[in-house]
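# Examining the three-dimensional arrangement
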Amino acid sequence: MLNFEFQNPTKLIFGKGSIAKIEKQFSRPTKIMLTFGGGSVKQNGVYQQVIDALKGHEIVEFWGIEPNPKVETLRRAIELGKAENVEFIIAVGGGSTLDGTKLIACAIRYDGDAWALVLDPKKVTGAVPFASVMTMPATGSEMNNGAVISNLATKEKFAFYSYHPQFSILDPEVTYSIPPYQVACGIADSFVHVMEQYLTDTNINPLIDRWAEGILQTLIEIAPQIQENPRDYNLMSQYMFCATMALNRFISMGVPQDWATHNIGHELTALHGVTHGESLAVVLPATMTVLSEQKRNKILQYGERVWGITEGTDGLKIAETIGRTEQFFSQLGLKTRLSQLNIGEETIAEIERRFNERGTLLGECKNVNGAVARAILECAL
Ligand code: NZQ
Ligand code: ZN
């Protein structure tokens, strides 16, 4: 097992009716900035529930944090937060709203431009405390310190690590209004978060392997049921809990991590606006194929324990395991090939160029450079 330190300070408040419990998290009237996405929370009643729960506090609202939050939008929220001298921020929305809020919280306490913090998080000197009412199970942002921020001007998208939410409210009933395509992307994202922390080598932390496999098996089991019954409370609770457990760093304890698929996927989003979960559905099977020698033992373990693949030579088992993984994504309704997204050589060359220029080295062996990223993307055509 590898050395590790684990601390997760986020208080989870989970279940039906839990938005009303926000009030109990404050001991005195507070000036709170609420941050929102594009308006789904007005249609599904979440906005009103939050407003009702915060009577007695002074509220400032910021609307319009878009999917793949752009620093250009966040700068306006930072200005508002500074001008209003807000004491606390609550993100009410999906991962994009919360990720954007993490940067807003840090940048309110910083004199320079917010993008400088993304490029160099060591510049972060503090943050306005923040929390979330999470409306979209996918990113795990509700219980981690990560945020992924895009820059419209430079067409870049980078991860940024700072603070955890103080608390996150997870009411599975708020997920009933999520469009089916976003649910598919959320399930794929949660699945790939587990894979990034799991699919390296065997026998490093067998207990954590089994936790990871448990999340994968649960997602595989509930995905088709959710497609049939998207308003089933028990199913949506499991989905929401899986998403949180997939990226609250619990399953990264004592194990190496990969994250090549995510970083290549972020480039597809930055260059073409591909939805995050779908970018991963395209890249993961190709990453598994190109790195199948390096990840051989773990792919075999995953194939046997998660998909029940036990027959045939190792080569056949590996091919079937990768095939089942790709099929899982396509049965969710997601595209799994670059050609289906009309993305080809020009983009592959640009991503290779960017990785070479940045000296990018990804994966548990730090061997996914520009050339390997090219091989993965060519395999994903
Ligand atoms: O903007 P609104 O109107 O709220 O609509 C959103 C948005 O259009 C809608 N939505 C969310 N909850 C809803 C709902 N619609 C109806 N009912 C609800 N209950 O769904 C759309 C997508 O929302 P978004 O927040 O973009 O989705 P998601 O949570 O998947 O977040 C994606 C972003 O998170 C980053 C991604 O890169 C991407 O930028 N990630 C963040 C991570 C982290 N913080 O640790 C890790 C992930 O790997 C990921 O990279
Ligand atoms: Zn992700």
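Residues numbered from 1 in each chain as written. Chains lettered and ligands numbered in written order. Predicted model: local features only at pLDDT ≥ 70, side-chain atom pairs only at ≥ 80, totals over all residues. Heavy atoms only, no water.

We now examine helix H14 (residues 370-379). Within H14, the full set of buried residues consists of Gly370, Ala373, Arg374, Ile376 and Leu377. Down the axis of H14, the buried side of the element spans an arc of 165 degrees, and every buried residue falls inside it. Of the surrounding secondary structure, the elements contacted by the buried residues of H14 are helix H9 (260-272), helix H10 (276-290) and helix H13 (345-358). N-capping of H14 is provided by asparagine 369, with a side-chain oxygen placed 3.2 Å from the backbone N of alanine 371. (Buried < 20%, exposed > 50% of the residue type's maximum accessible area, 1.4 Å probe, protein only. Helix = DSSP H or I, 4+ residues; strand = E, 2+ residues; numbered from the N terminus. Arc of directions from axis to C-beta. Contact = heavy atoms within 4.5 Å. Polar contact = N/O pair within 3.5 Å; in protein donor to acceptor, adjacent residues only side chain to side chain.)

Further remarks concern the coordination of the zinc ion (ligand 2). Bound to the zinc ion (ligand 2) on the protein side are Asp189 (OD), His193 (NE2), His262 (NE2) and His276 (NE2), at distances that span 2.0 to 2.1 Å. Each donor residue of the zinc ion (ligand 2) belongs to the same chain, and together they define the spacing D-x3-H-x68-H-x13-H. Taken as a pair, histidine 193 in helix H6 (residues 180-198) and histidine 262 in helix H9 lie far apart in primary sequence, 69 residues in all. Of the residues examined, histidine 262 reaches a relative accessible area of 5% and is grouped as buried. (Donors = N, O, S within 2.8 Å, 3.2 Å for Na, K, Ca; no water.)

On to the pairing of strand S7 (residues 156-161). Pairing of strand S6 (residues 146-151) with S7 involves 6 bridges; the strand directions are antiparallel. Bridging from a neighbouring strand, isoleucine 149 pairs with phenylalanine 158 of S7. Once S6 ends, the chain turns through 4 residues before running back antiparallel as S7, passing lysine 155 with a positive phi of about 55 degrees. (Pairing = 2+ DSSP bridges.)

The geometry of helix H7 (residues 206-228) relative to helix H12 (residues 314-332) is characterised by a closest axis approach of 10 Å and an angle of 20 degrees between their N-to-C directions. Relative to H12, H7 is oriented roughly parallel. Here the hand of the crossing between H7 and H12 comes out left-handed. Facing H7, whose interface residues are Leu219, Ile220, Ala223 and Gln227, H12 presents Phe328, Gln331 and Leu332. For the contact of H7 with H12, the residue count by class is 5 nonpolar, 2 polar and no charged. (Axes fitted to C-alpha atoms, helices over the stretch in contact; angles between N-to-C directions. Parallel < 35°, antiparallel > 145°, perpendicular 65-115°, else oblique. Left-handed = near helix turned anticlockwise from the far one by under 90°. Nonpolar A, V, L, I, M, F, W, Y, C, P; charged D, E, K, R; others polar.)

To continue, consider the site of ligand 1. Taken together, 33 residues lie near ligand 1, and Gly38, Gly95, Ser96, Lys157 and His193 sit nearest. Within the side chain of asparagine 144, a nitrogen or oxygen atom sits 3.0 Å from an oxygen atom of ligand 1. Computed on the free molecule, ligand 1 has an accessible area of 960 Å², of which 89% lies beneath the protein chains in the complex. Elements with a contribution of two residues or more to the shell around ligand 1: helix H4 (95-108), S6, H6 and H9. Considered class by class, the residues forming the shell around ligand 1 number 10 nonpolar, 20 polar and 3 charged. (Near = heavy atom within 4 Å. Areas by Shrake-Rupley, 256 points an atom, 1.4 Å probe, with all protein chains shown as cover.)

Counting buried positions along S6 gives 6 out of 6 residues, so the element sits mostly inside the fold. Judged by which residues are buried, S6 turns out to be covered on both faces: Gly146, Val148 and Ser150 on one side and Ala147, Ile149 and Asn151 on the other are all buried.

The next subject is the sheet that holds strand S5 (residues 130-134). What holds strands together in a sheet is hydrogen bonding between their backbones, with the strands either parallel or antiparallel. Strand order in the open sheet formed by 6 strands is S1-S8-S5-S4-S2-S3, with parallel pairing between adjacent strands. Of all strands in the sheet, those with a lone pairing partner are strand S1 (11-14) and strand S3 (58-62), marking the two edges. Pairs of neighbouring strands in the sheet enclose a mean axial angle of 20 degrees, with direction left out of account. By the bridge criterion, 5 bridges tie strand S2 (residues 31-36) to S3 in an arrangement that is parallel. When the bridges of S3 are listed, threonine 35 appears paired with phenylalanine 62. Together, S2, S3, strand S4 (88-93) and S5 form the strand contacts of helix H2 (residues 46-53), whose direction differs from that of S2 by roughly 175 degrees.

This brings us to the domain arrangement of the protein. Each domain of the protein was delimited in the assignment, giving domain 1 (11-174) and domain 2 (180-379). Computed over C-alpha atoms, the centres of domain 1 and domain 2 are 27 Å apart. Taking both sides of the interface into account, the surface hidden between domain 1 and domain 2 amounts to around 2000 Å²; carbon and sulfur atoms contribute 63%. Connecting domain 1 to domain 2 are 0 salt bridges. Joining domain 1 to domain 2, the criterion identifies 7 residue pairs in polar contact (both at pLDDT 80 or more). For the side of domain 1 that touches domain 2, the secondary structure elements donating two or more residues are S1 and S7. Tallying contributions element by element places S7 first for the side of domain 1 that touches domain 2, with 4 residues. (Domains from an automatic or database assignment. Buried area = accessible area lost by both parts, 1.4 Å probe. Salt bridge = Lys/Arg side-chain N within 4 Å of Asp/Glu carboxyl O.)

A few words on the environment of glycine 39. Within the element layout of this structure, glycine 39 appears in the loop between S2 and helix H1 (40-43). Looking at glycine 39, the relative accessible area reads 13%, which means it is buried. Between the C-alpha atom of glycine 39 and that of tryptophan 63, which follows or precedes it by 24 residues, the distance is 7.8 Å.

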